[in-house]
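Overview (structure and organization)
Chain residues, written in single-letter form:
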Amino acid sequence: MAYKNLVHLHNEHRHWLNEFDLYQDEIKYFQHLLAKKVPQLQERDLKEDALYFKGQWIEILSKIDDFRHKVYAHEARLYRKLELANRTKDHVITDEEHHIVKGEMEEFSLRYKALKQRFQEFLK
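Residue positions are given per chain, counted from 1 along the sequence in the order it is written. At least 70 in pLDDT is required for a residue's local features to be given in this predicted model, at least 80 for side-chain atom pairs to be given and counted, and no such filter applies to totals for whole chains, interfaces and linings, which use all residues. Side-chain metrics rest on all non-hydrogen atoms present in the structure, leaving aside hydrogens and water.

1. Here's the deal with the packing of aromatic side chains
Any two of the Phe, Tyr and Trp rings considered here, Trp counted by its six-membered ring, make a pair once their centres fall within 6.5 Å; the pair's planes then place it as stacked at under 30 degrees, edge-to-face at over 60, or tilted in between. Counted under the stated rule, the structure contains 15 aromatic pairs. Summarising the aromatic geometry, the rings of tyrosine 52 and phenylalanine 53 are spaced 5.3 Å apart at their centres and angled 70 degrees between planes, so their arrangement reads as edge-to-face. Buried means the residue's accessible area, taken with a 1.4 Å probe over protein chains only, is under 20% of the maximum for its type, while exposed means over 50%, and partly exposed covers the values in between. Under the relative-accessibility criterion, phenylalanine 53 is labelled buried at 5%. These aromatic residues form a ring-pair network of at least three members: Phe20, Tyr23, Tyr29, Phe30, Tyr52, Phe53, Trp57, Phe67, Phe108, Tyr112, Phe119 and Phe122. The ring of phenylalanine 122 carries the charged tip of lysine 37 above its face, separated from the ring centre by 5.9 Å. Consider the ring centre and the ring normal. A charge sits over the ring if Lys NZ or Arg CZ is within 6 Å of that centre and within 35 degrees of that normal.

The structure is reproduced here in structure tokens:
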């Protein structure tokens, strides 16, 4: 796909980074709720579920860090392509990699939202 300017891509990257901020804030809150709930749990299965969610939140936070680095690196590559395009007077930039990153982001977001829903059910 060809882009005449990268404003749209940059805005999409900003949106992803803002989503990461939201996810991290939510996870801090979820970890707090989990810490309050664990002492109240009586059944072994529920304690195992609590450990599962604790591990999942840690894994998600790690993946968010990885995705942040990926988005920043992707943005830097697009900037270098734009600089080259400006020097060569070729102002059409193609970037198939953006669609790959976008697909990974969408998959990650769906996984996070599903885990969040299961966690909310666990808290009930």
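2. Side note on the nonpolar core
Among the nonpolar cores identified, the biggest contains 22 residues, and Phe20 and Trp57 are the most heavily contacted of them. Secondary structure elements with two or more residues in this core: helix H1 (7–37), helix H2 (44–88) and helix H3 (97–123). Sequence-distant contacts of tryptophan 57, defined by excluding residues within four places in its chain, comprise Ile27, Phe30, Gln31, Leu34, Tyr112, Leu115, Lys116 and Phe119. The nonpolar core is taken to be a set of buried Ala, Val, Leu, Ile, Met, Phe, Trp, Tyr and Cys residues, with the residues joined through side-chain atoms within 4.5 Å. Secondary structure elements are taken from DSSP: a helix is a run of H or I of four residues or more, a strand is a run of E of two residues or more, and numbering for both begins at the N terminus. Between two residues, a contact is recorded if the distance between any of their heavy atoms is within 4.5 Å.

3. Focus on the side chain of glutamate 12
On the secondary structure map, glutamate 12 appears in helix H1. The residues touching glutamate 12, leaving out its near neighbours within four places in the chain, are His98 and Lys102.

4. Some details on the packing of H1 against H3
Closest axis-to-axis distance for the H1/H3 pair is 11 Å, and the angle between their directions is 20 degrees. Judged on the interaxial angle alone, H3 and H1 are roughly parallel. For the pair H1 and H3, the crossing hand works out as left-handed. Across the contact of H1 with H3, the residue classes tally to 15 nonpolar, three polar and seven charged. In this description, a line fitted to the C-alpha atoms serves as the axis of each element, helices being fitted only across the stretch in contact, and the angle between N-to-C directions of two axes falls anywhere from 0 to 180 degrees. These descriptions rest on fixed angle ranges, namely under 35 degrees for roughly parallel, over 145 for roughly antiparallel, 65 to 115 for roughly perpendicular, and the rest for oblique. A clockwise turn of the near helix away from the far one marks a right-handed crossing, whereas an anticlockwise turn of less than a right angle marks a left-handed crossing. Throughout this entry, Asp, Glu, Lys and Arg are counted as charged residues, while Ala, Val, Leu, Ile, Met, Phe, Trp, Tyr, Cys and Pro are counted as nonpolar. The remaining residues, Gly among them, count as polar.

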